[in-house]
Amino acid sequence: MYKKILMPTDGSSCSQTAIREGLGVARSMGAQVTFLYVVENISSSLWISPESVPYGLELIEDLKRVGNEALSKARELAQAAGIEVETKLVEARPVEAILAEAKDHDLIVMGTHGRSGLDRFMLGSVTEAVLHRSDKPVLVLRCK
């Protein structure tokens, strides 16, 4: 049924929970897995003066390093489970990047923190946006 599963990750414990569940689905279906980490381009909101440019570049490199670490951990879990895996790190807006990558997949597996109220308004929800806009099935795991 599902041959290619997309699992976006942000490296959080919630993402790790979703990855573990998604790997169980992948193992039972004999599916391939793609882990996706999206580094959002923050330059438009961060760089307000020429002096801040070096710090912005350093921040983006730090975010890429964190992303590669998250992808490495996810890859290790998949390999330990004997699942064929691919990892991708992209610079883009998270929701758009996930939806674009999902076009080549049968299922999306994501975690959500289940924020509500002001937290949800201020932080938004990538998972919720993907859920509402995706034409692919989305398995959402709520984390505490």
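Above this text sits the structure in question.
Residues numbered from 1 in each chain as written. Predicted model: local features only at pLDDT ≥ 70, side-chain atom pairs only at ≥ 80, totals over all residues. Heavy atoms only, no water.

(A) Region of interest: the pattern of salt bridges. Scanning the model with the defined rule gives five salt bridges in all. Residue Lys64 is joined to Glu91 by a salt bridge in which the shortest nitrogen-to-oxygen separation is 2.9 Å. Within this pair, whereas Lys64 is found in helix α3 (residues 53-80), its partner Glu91 is found in strand β3 (residues 85-91), the two being separated by 27 residues in sequence. In this structure, the salt-bridge partner of Arg133 is Glu96, at a minimum N-O distance of 3.5 Å. In this pair, Arg133 sits in helix α6 (residues 126-133) while Glu96 sits in helix α4 (residues 94-102), placing the two residues 37 residues apart along the sequence. (Salt bridge = Lys/Arg side-chain N within 4 Å of Asp/Glu carboxyl O. Helix = DSSP H or I, 4+ residues; strand = E, 2+ residues; numbered from the N terminus.)

(B) Spotlight on the nonpolar core. Core analysis: the biggest nonpolar cluster contains 22 residues, and Ile5, Met7, Leu23, Val33, Phe35 and Val109 have the highest contact counts within it. Among the secondary structure elements, those contributing two or more residues to this core are β1 (4-8), α1 (13-29), β2 (32-39), α3 and β4 (107-112). With five residues, α1 is the single largest residue contributor to this core. Contact partners of Met7, with chain neighbours within four places excluded, come to Ala18, Ile19, Gly22, Leu23, Val33, Thr34, Phe35, Leu36 and Val109. Val95, Met110, Val130 and Val138 belong to the second largest nonpolar core, which has twelve residues in total. (Core = buried A, V, L, I, M, F, W, Y, C linked by side-chain atoms within 4.5 Å. Buried < 20%, exposed > 50% of the residue type's maximum accessible area, 1.4 Å probe, protein only. Contact = heavy atoms within 4.5 Å.)

(C) How the structure looks around the packing of α4 against α6. Where α4 contacts α6, the axes come no closer than 9 Å and their chain directions differ by 45 degrees. Here α4 lies oblique to α6, going by the angle between them. In the packing of α4 onto α6, the handedness of the crossing is right-handed. Residues Pro94, Val95, Glu96, Ile98 and Leu99 of α4 form the contact with α6, whose participating residues are Val126, Ala129, Val130 and Arg133. The class makeup of the residues in the contact of α4 with α6 is seven nonpolar, no polar and two charged. (Axes fitted to C-alpha atoms, helices over the stretch in contact; angles between N-to-C directions. Parallel < 35°, antiparallel > 145°, perpendicular 65-115°, else oblique. Left-handed = near helix turned anticlockwise from the far one by under 90°. Nonpolar A, V, L, I, M, F, W, Y, C, P; charged D, E, K, R; others polar.)

(D) Broad picture of the state of the cysteines. One pass over the structure, following the stated rule, counts one disulfide. Between Cys14 and Cys143 runs a disulfide, and the two sulfur atoms are separated by 2.2 Å. For the disulfide bridge between Cys14 and Cys143, the dihedral angle about the S-S bond is near 80 degrees, and by the sign convention the bridge is right-handed. Here Cys14, found in helix α1, pairs with Cys143, found in the segment after β5 (138-142); they are 129 residues apart in sequence, far enough to count as distant. (Disulfide = S-S within 2.5 Å.)

(E) Summary view of the pairing of β4. A large share of β4 lies buried, amounting to six of its six residues. Pairing of β1 with β4 involves two bridges; the strand directions are parallel. What sits directly across from Leu6, in β4, is Ile108. Sheet topology places β4 next to β5; five bridges connect them, and they run parallel. In the sheet register, Ile108 faces β5, and the bridge partner there is Val138. (Pairing = 2+ DSSP bridges.)

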